[in-house]
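The lines below spell out each chain.
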Amino acid sequence: MSDRILMQGNDAIARGLVEAGCAVAASYPGTPASEILSSIDRWRKKCGATMHVEWAVNEKVALEIAYTAAIAGLRAAVSMKQVGLNVASDPLLSAAYLGVTGGFLVVSADDPGPHSSQTEQDSRLLAMMAKVPVLDPASPAQAMALAGTGFDLSEAFGVPVMLRPTTRVCHASQDVDAAPFRPPVREARFVKDPARWAATPAYRRLLHDRLAEKIAAIAAWPATAPIRVNPEVSPAKAVVASGVAFAHARELFGELGISCRIALYQVIQPYPLHAAFIDHLLETYEEILVLEESAPVIEMQVADRRRVRGRMTGAVPGTGELLPEIIERLLSRFAGLPVPGGALPAQGGGRRPTLCPGCAHRSSFYAIRMAAPAGIYPSDIGCYTLGINLGAVDTVLCMGAAVSQAAGFDYAHRLSGKQVDIVATIGDSTFYHAGIPPLIDAVVQGARFVLVILDNGTTAMTGNQPTPGTGIGAGGETTAAVDMEGLVRACGVRFCRTANPDRLPEFIALLKEALDHARERGVAVVIARQPCAMVARAAGGKAPGAIVITEECNGCRHCVDRFECPALVFDEAANRVRIDEMLCTGCGVCVSVCPEGAIHLEPAGEKRS
Amino acid sequence: MNVDAGKLPLIRQQVVLSGVGGQGILFLSRLLAEAAIAGGFPVLTSETHGMAQRGGVVVSHLKVGGFDSPLVRTGRADLLLVLKEENVAFHREFLADGGTLVVNAPVPTDAGPRVRAHAVDADALALSAGAPHAANLVLLGFALARIGGGTAGGIFCSGGEIREALSRRQGGGGSRFAASLSALDLGIAHGTW
Ligand code: SF4
Ligand code: SF4
């Protein structure tokens, strides 16, 4: 038996952080970064470290909490997905000016593709804008090592440091050495210096100068300098790669047998790119191919447009993931070899994702379409984005936008003298994250819409992290819980009612009442409260009974098309619906969906065949 | 990067596992990866997370031996394990010439002339054994028996090594572990010629 264990990239990052003495860690879940924080808590327990680990209400709050620990001298980290960094960009840009005393790492996971994101933006560009150095790991093992390097870099220069993994690092797994460790312990000590920590614009100018000096010095820091893979040869061409694009390239260099003809470099720190490295490249090579995801961050710093090829010159596709098949073609062409014409892996196709069987969101969406058939349906980010399959999601912009878009639709139509029914949906976690300010705004402006808060008591899409309403912390500990109804009322909403959406007829009636209120008197909020079916299943919740479909089923397809429960299967041969018993949870909601009354719920234990 | 220079691995094997969210593709690929590590091989995998896990197409890549990239390129997989038959249409591109397809289906799916294809109705077998959610292990057991495991020309690990990996993962002894073992053995029994 080896002492190596299988570690997912996110787990490896967590391990690297805890091992390096990270004392405060905060995050908001988002694919592909979600597992980092829960894994930090596992490593914390394993090594017995004293830490503050929390799921924050959003990424901005998370960053501010971790940053503050770092100005009190501790090592601290914040993790998020790339669009979360947009939310946290305000404090990040300022934190770069003020700097830190303890090490501060911002882990921002990118998603070239994108596989599970609204954009394929490159966090390294934001690091560049903020003047924050950024490290770009190529594998889980390297990500683990760079977590420690990142803290060292942060403390050596007193700046925040970004660690930027991508999906193919976060969700890759690898054998990694798992020797026991004992993290260093420090004491928090905030040294007052209001001229710095509360700097006014005049002093910020000086801080900006100082930051520029730090960045110039970091561009010469040996520990993060680019690595030459094949120093024994001196060819005229070079490939410069970072992140997982480097991992693909390195493997292909071996397979294509081009190591003796082309120099290969790995850039560990894409910004600031090492100044001596830029000089070396331009002095040594006639042609340079840059492979990186997803923006031309390295490429733009090597300023010789005649010799450098990459995403900016069009030699490398300007968008999308750099799959190994694409890199194989690029390297073959660059090496003057025949370019392979093999297939790219299939994109899309196959079964589309859908809400789980027994998911209460399905009931809410069905009810919304019944109550407001001609309505506009703004929605938001979460499992319930899949309400698009049910025709009950018209817009999805970014976290919290369902509420502001509902208001925006009302104001726009009002100008044209029109009144439309608007029913917005937002999950509980997303509501806490970014839904509260737009709700206050809507109340103040007298917007007319119904907001349905889909409260399933969890952040389901990203793996069921707790929300502020649950009273559970990142390590399972008890915390205070927020009272959602009280919060909604405190925003000034006068119609706020809570119901179980799985009781379909009553829920539809409640929505109609809310619509009446909204048309006359402004924002109405309906809280659709029912636990996530996945959580209920994991908890071993008993099915209420067995579903049978009687001879009355005439094959009208209403339940499969409008309700789309995966457990309702249309049998084309028999022209009727049958139940997939492996999937059905026995929730019984479909009983009131069937217009023919052909679906029945048999009490548990009384099922006939 | 991940290659321990002292004991260069002799095996290089690339596997793609395909299915839909909820079928346990992730579990299967981690199980295989852990068996590879126990056998002393370096391993790299790539997993699907996020929205696709809600019943959409899920694919895992597994590379055993000295590799750097976590992704299997099209035309390179030695083995393609498919838990949802309809996925064969768009994932068979991963298979190398002479590669092997093992699919969860009542009869073998046509995957082209240069592919050896085997089929087992893992859903039906798992259901008959009272473990409907263990079709993934039935399929794996079948593949190990049919192609051979831990032998030259076969899968890099044996049925015994999978049993050990399962026991480490599920804390050997409990009812979950027992159910997993019987699903694996059921697949092995059906895969044995
Ligand atoms: S995980 Fe929960 S919230 Fe998400 S689709 Fe499934 S039941 Fe619904
Ligand atoms: S009872 Fe009906 S709605 Fe509920 S899971 Fe079963 S088929 Fe789907």
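See the structure above.
Here the structure is a predicted model, which means the values were calculated and not measured.

(A) Focus on the overall build of chain B. Scanning chain B from N- to C-terminus turns up six helices and six strands. Listing the helices and strands of chain B from first to last along the sequence gives β-α-β-β-β-α-β-β-α-α-α-α. Along the three orthogonal principal directions, the C-alpha set of chain B runs to about 45 × 40 × 40 Å. In chain B, the proportion of contacts linking residues at least 24 apart, taken out of those at least 6 apart, comes to 53%. Accessible surface, chain B: about 7,200 Å² in total, of which carbon and sulfur atoms supply 54%. For chain B, the distance from the average site of its 16 positive side-chain charges to the average site of its 15 negative ones is 3 Å.

(B) Spotlight on the sheet that holds strand S8 (residues 172–177) of chain A. In space, the eight strands of this open sheet follow the order S1(A)-S8(A)-S2(B)-S3(B)-S1(B)-S4(B)-S5(B)-S6(B), with mixed pairing throughout. Bordering the open sheet on either side are strand S1 (4–8) of chain A together with strand S6 (116–120) of chain B, each of which pairs with just one other strand. Averaged over all pairs of adjacent strands, the angle between strand axes in this sheet comes to 20°, irrespective of strand direction. Inspection of the sheet shows strand S4 (residues 77–82) of chain B paired to strand S5 (residues 95–104) of chain B by five bridges, in the parallel sense. Along S5 of chain B, the bridge assignment pairs Leu79 of chain B with Thr100 of chain B. Across the sheet, helix H1 (residues 25–38) of chain B lies against S1 and S8 of chain A together with strand S1 (13–20), strand S2 (43–46) and strand S3 (57–64) of chain B, angled at about 5° from S3 of chain B, the strand it touches most.

(C) Geometry of the site of ligand 2. Taken together, 13 residues surround ligand 2, and among them Cys565, Cys584, Cys587, Gly588 and Cys590 of chain A come closest. Taken together, the residues of the shell around ligand 2 sort by class into nine nonpolar, four polar and no charged.

(D) Summary view of the packing of helix H3 (residues 59–71) of chain A against helix H5 (residues 89–98) of chain A. Residue and element names in this part refer to chain A. Running from N to C, H3 and H5 cross one another at 20°; their axes reach a closest spacing of 10 Å. It follows that H3 is roughly parallel to H5 by the angle criterion. In the packing of H3 onto H5, the handedness of the crossing is left-handed. Where H3 abuts H5, its residues Lys60, Leu63, Glu64 and Tyr67 lie against Pro91, Leu92, Ala95 and Leu98.

What counts, and at which threshold
- Residues numbered from 1 in each chain as written.
- Chains lettered and ligands numbered in written order.
- Predicted model: local features only at pLDDT ≥ 70, side-chain atom pairs only at ≥ 80, totals over all residues.
- Heavy atoms only, no water.
- Helix = DSSP H or I, 4+ residues; strand = E, 2+ residues; numbered from the N terminus.
- Contact = heavy atoms within 4.5 Å.
- Areas by Shrake-Rupley, 256 points an atom, 1.4 Å probe, with all protein chains shown as cover.
- Lys, Arg positive; Asp, Glu negative; His and termini not counted.
- Charge placed at Lys NZ, Arg CZ, Asp CG, Glu CD.
- Pairing = 2+ DSSP bridges.
- Axes fitted to C-alpha atoms, helices over the stretch in contact; angles between N-to-C directions.
- Near = heavy atom within 4 Å.
- Nonpolar A, V, L, I, M, F, W, Y, C, P; charged D, E, K, R; others polar.
- Parallel < 35°, antiparallel > 145°, perpendicular 65-115°, else oblique.
- Left-handed = near helix turned anticlockwise from the far one by under 90°.

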